[in-house]
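Residues per chain are reported as follows:
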Amino acid sequence: MEIKYCWRCKMEVPMLNNEEYAIASKLYSKGLKVLKKNRQEHFKEVLDYYNDLTGFGETQPNAIMHHALEYIGPDCECCGKPYRTPKAILCVACGNKRITAK
Ligand SMILES: [Zn+2]
Ligand SMILES: [Zn+2]
């Protein structure tokens, strides 16, 4: 888990690494199958997992599903915010052109 700026949430959030994300998405799909009246209850397991791990207090299971380190790029050399995608060549925050290792 690493704290990174999320372009969709427009704030810094805990992003999960591959291992953590695999567990979270498993719990999430489990939540989709459970029939409960309350939406919050559906995803209690994934929310608990994420919040225990991060101490964050997330309430939106959907948000967790895009908080994976593999979905974003490395930090910009110029402003430190992550590139929006792993393949992005331009930083949308500061306009820096990414130095890509060839
Ligand atoms: Zn987000
Ligand atoms: Zn930048």
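Note that the coordinates shown come from a computational prediction; the quantities given were computed from them, not determined experimentally.

**Student:** With reference to specific residues and values, describe the state of the cysteines.
**Tutor:** Inspection of every chain in the model, using the stated rule, returns zero disulfides. Cysteine C78 shares no disulfide, and the gap to the nearest cysteine sulfur, in C94, comes to 3.9 Å. Taking relative accessible area as the criterion, C94 reaches 37% and is therefore assigned partly exposed.

**Student:** Account for helix α3 (residues 44-54), with residues named and values stated.
**Tutor:** Of the residues making up α3, those classed as buried are V46, L47, Y50, N51 and T54. Here the buried residues of α3 occupy an arc of 120 degrees about the axis, which is enough to place them on one side. G55 occupies a position one or two residues after α3 and carries a positive phi of about 65 degrees.

**Student:** Could you give me a rundown of the packing of aromatic side chains, with the residues and numbers involved?
**Tutor:** Following the criterion strictly, the structure yields four aromatic pairs and no others. A ring pair is formed by Y21 and Y71, whose centres lie 5.6 Å apart and whose planes are at 75 degrees; its orientation type is edge-to-face. One end of the pair, Y21, is in helix α1 (residues 18-33); the other, Y71, is in the segment after α4 (61-64), with 50 residues separating them in the sequence. Centroid distance Y28 to F43: 4.9 Å. Interplanar angle 20 degrees. Geometry classified as stacked. In this pair, Y28 sits in helix α1 while F43 sits in the loop between α2 (39-42) and α3, placing the two residues 15 residues apart along the sequence. For the residue pair Y28 and F43, the accessibility class agrees, reading buried in each case. When the ring centre of Y5 is taken as reference, the NZ or CZ atom of K81 above it lies at 4.3 Å. Directly above the ring of Y83 sits R98, whose terminal nitrogen or CZ lies 5.0 Å from the centroid.

Cut-offs and rules
Residues numbered from 1 in each chain as written. Chains lettered and ligands numbered in written order. Predicted model: local features only at pLDDT ≥ 70, side-chain atom pairs only at ≥ 80, totals over all residues. Heavy atoms only, no water. Disulfide = S-S within 2.5 Å. Buried < 20%, exposed > 50% of the residue type's maximum accessible area, 1.4 Å probe, protein only. Helix = DSSP H or I, 4+ residues; strand = E, 2+ residues; numbered from the N terminus. Arc of directions from axis to C-beta. Phe/Tyr/Trp six-rings, centres within 6.5 Å; stacked < 30°, edge-to-face > 60°. Lys NZ or Arg CZ within 6 Å of the ring centre and 35° of its normal.

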